[in-house]
Amino acid sequence: MRRPSLALLAIPVVMLSTPVLAQAPVSIDIAAGRLDDAIIALGRQAGISIGIGDRRLGAQRVRRLRGHMTPQQALERLLNASEARPVRLASGHWRIVRATPATRRSGAPIRLAMLTPRQATAPVEEIVVTAAAARSDLLTRDAFGHIQLDGEFALGGQGRGSDALVERLPGLGSTQLGPGRNRLFLRAIADSSFNGPSQAVVGQYLGTARLNYNAPDPDLRLVDLSAIEVRQGPQGTLYGAGTLGGVIRLLPNMPDLEDWQAGQSVALAATRHGDPSANASAMLNAPIVAGKLGLRAVIYGGRDGGYIDDRLRGRSDVNRVDTIGGRISARITPGAGWTIDLMAAAQTIDGRDSQYADRRGDGLDRASPFAQPFRNRFRLGQAAIGKQWDAFELLSTTTVTGLDLTETFDTSQPGSAPSLFRQHGQTRLITNETRLSGETAGGIGWLAGTSLLSNRYRIRRARGSVERSSAITGIENRVEEATAFADLTIPATDRLFLDLGGRVSHVRLSGEALDTPLMALAVLARSSAQRNQTAFLPSAGVRYRFSDAVSGHARYQEGFRPGGIGVRDDMVRRYRPDNVSAVEAGLAFSGGSLSGDVTLAYTRWRNIQADLIDSDGLPATENIGNGRIVTVDATLAWQPVPAFSVEASAVWADSRLVSPSAGIFVLPANRAGFDFASIPAGAVIADSNALPNVARLSGRMAANYRTSLGGAGDLMVGGSMRYIGRSRLGIGPVLGVEQGDVLDTALSASLTRGGRSFWLQASNLLDTRGNRFALGSPFTLPHGEQTTPLRPRTITIGADFSF
């Protein structure tokens, strides 16, 4: 749920009070959470008027405040560790503004989740609203159209992972091999349906910790987060390689150094045609040494009941998935502006069997001779050191990430004995980033930094019978990268803002074949895969505020991925780096009860890395040529009364392979009289030039109603519809199958009182089957259509408690 629109709003919370009461001590009890929520609660309890005109300040997290104090003391304590300060306008009337470097407390903890310098904030005219103003579930975007979801979205996800984000954002796509096996796509930049040596196209972060490189989406559960940020389009300047489509950042709540806190959540679900599900989580915040040392720990676990049956083995609900994980962080503030943050996270996902079906049954079953389990094991450790001076801040982070993914696929052919294929992918990533940022007296925001990265991706493969399998050729790719980058935000006028940036990266690539019986082949692969690459990634943008209600932006950015080696037809091959350049322009408006935005983007993609199926049925990475992508992303929100809101969002995309490589032949749309003998021998034949996994049209519509039931609490009721358009699984005769054209529906209700919340959710109300993803095993795909249906109608009940 989203709060009252702070772009127009400035809370003041207006209370009938006298000047005497406005100065007298009162009893205060405000829960930890967002600053804008805390302001509403403080206005009610202290009988004062408080204004705020900066949306980003309102989204900041504040710790719990409890005690007997004056309103001024309450405001000062509430804002003590934030980037804001209170300004007294008159007796009982206050305004919260952004603290300048000179007024910010030098020992305030640095918000280590923030990766970019603060954007210059245009003045916002304050208006008066009452404390009863309702919150809504509308998307929040910044001046560049980056999507902001506050921590309550994670609560709405009720312990789910990336699938909750995919359902919420039409511009975010995903494969559907199963939790911990999927690849995410943004801005219609999608490369492959498989997990192989090519780097991801979406960068994922937990705070400042990079989660993925070659690895798939680790699918961390959305538990105890302060915010989620989604940046669409290439983000190479600030985030480096592997961000062709964008960046997703999960910003965790950091330890509170003053107050003890605890929370827990539990949920049970029943699925039609399937097994029940359950999940639970718990959080504890402990200020070990008040103001100096704090710990925050999160633990969670869950079971997603299966709903796919296996006709051949006579088993029901085979695709059960178990997840367990946790996170612990420590914050140390030794003084003099220094902050030390330590974090460790771990998660394991065990899937008992794959979640695909075939077309021969009722849409929720298939015939397989054996189970096809998978396991994702993720580990992360990070140390961050920050120092804050009056005019600038220093932040240095070092992160170690490991992800192991084991998968089993059915390779059985008609009339033959059962056979299988196993692969084990192993990623080890070490990064260090040091950046200095600040703001000049003239309001120019600046950032400069360096980054070092070392990544090793190793994949080992085996093929054979169920009883015995033999190793086949695997690969190992290594990337070492050194980078320097800078970014400027210049307020040219009070309406015009300029953004300039650049990144220089030097990459050293190396690779070799593994487990090959031909030693000469391994030597050849090792010598041919060692090479260097230097890339310069510029960025430029402009933002203009036409009026208090209308603003616009334009931006140019680039991104790249390094190359590597792969295996195709038992031969080790080298694939080249690919890169994207994108220009976008957008408009946003907000006036009265109506608000919206629209962004048009054009992207050129050179040397596209994608996966094809070789003669043995194995996925292989190749450069398939050059492409272009056009997208239109739009959102419209209507809030006719404070308690009710409606939102519609949609993405239209046209992605094409406009210049196929020599090994790819795209058949013409009109094939009358076409000479098929003219197709080059050995070429991969594509039925269409559409890029894989990109739906032409996707959209979502939602409505929410919120009201107060007095002493019983606050009631929220909501509903949504989501449509995923048609797309193709991949390139070539085997992968060129259609998928998508799916409609999903949901309803939810919650009752919240104090720190307790009880909720009910229903998903897939129409019990639709659909086909989200047309792949389960690439080896058996040529012998029959495969589908990945929606989870059947599911009813979930749950409760959340915080203390």
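Whatever comes next refers back to the structure up there.
Residues numbered from 1 in each chain as written. Predicted model: local features only at pLDDT ≥ 70, side-chain atom pairs only at ≥ 80, totals over all residues. Heavy atoms only, no water.

1. Describing the packing of aromatic side chains
Logical step 1: For the structure on display, the rule yields nine aromatic pairs.
Logical step 2: With centroids separated by 5.0 Å and ring planes inclined at 75°, the aromatic side chains of Tyr544 and Phe546 adopt a geometry described as edge-to-face.
Logical step 3: On the accessibility criterion, Phe546 (47% relative accessible area) is partly exposed.
Logical step 4: What links up through ring pairs into an aromatic cluster is the set Phe409, Phe421 and Phe779.
Logical step 5: Against the face of Tyr356 rests Arg366, its NZ or CZ located 4.3 Å from the ring centre. (Phe/Tyr/Trp six-rings, centres within 6.5 Å; stacked < 30°, edge-to-face > 60°. Buried < 20%, exposed > 50% of the residue type's maximum accessible area, 1.4 Å probe, protein only. Lys NZ or Arg CZ within 6 Å of the ring centre and 35° of its normal.)

2. A word on the packing of helix H2 (residues 35–46) against helix H4 (residues 71–78)
Logical step 1: Closest axis-to-axis distance for the H2/H4 pair is 11 Å, and the angle between their directions is 170°. If you check the angle between H2 and H4, you find them roughly antiparallel. Considering only the axes of H2 and H4, their crossing is right-handed. Across from Leu35, Ala38, Leu42 and Ala46 in H2, the residues of H4 making contact are Pro71, Ala74, Leu75 and Leu78. (Axes fitted to C-alpha atoms, helices over the stretch in contact; angles between N-to-C directions. Helix = DSSP H or I, 4+ residues; strand = E, 2+ residues; numbered from the N terminus. Parallel < 35°, antiparallel > 145°, perpendicular 65-115°, else oblique. Left-handed = near helix turned anticlockwise from the far one by under 90°. Contact = heavy atoms within 4.5 Å.)

3. Topic: the side chain of Thr323
Logical step 1: Following the sequence through the fold, Thr323 ends up in strand S20 (residues 321–335).
Logical step 2: Side chain to side chain, Thr323 and Arg221 meet in a polar contact 3.1 Å long.
Logical step 3: If we skip the residues at most four places from it in the chain, Thr323 touches Arg221, Tyr300, Gly301, Gly302, Gln347, Thr348 and Ile349. (Polar contact = N/O pair within 3.5 Å; in protein donor to acceptor, adjacent residues only side chain to side chain.)

4. Observations regarding a nonpolar patch on the surface
Logical step 1: Together, Leu268, Leu760, Ile795 and Ile797 line one region of the surface with nonpolar side chains, adding up to about 360 Å² of accessible area.
Logical step 2: Examined against the element boundaries, Ile797 turns out to sit in strand S49 (residues 794–802). (Patch = residues over 30% accessible without salt bridge, like charges linked within 9 Å, V, L, I, M, F, W, Y side chains within 5 Å. Areas by Shrake-Rupley, 256 points an atom, 1.4 Å probe, with all protein chains shown as cover. Salt bridge = Lys/Arg side-chain N within 4 Å of Asp/Glu carboxyl O.)

5. Things to note about the pattern of salt bridges
Logical step 1: For the coordinates displayed, the defined rule picks out 45 salt bridges.
Logical step 2: In this structure, Arg187 and Glu584 form a salt bridge, with 3.0 Å as the shortest nitrogen-oxygen distance. Of the two residues, Arg187 sits in the loop between strand S11 (184–186) and strand S12 (202–206) while Glu584 sits in strand S34 (residues 578–591), which places them 397 residues apart along the sequence. As far as burial versus exposure is concerned, Arg187 and Glu584 are alike and both buried.

Structural measurements only, silent on function.
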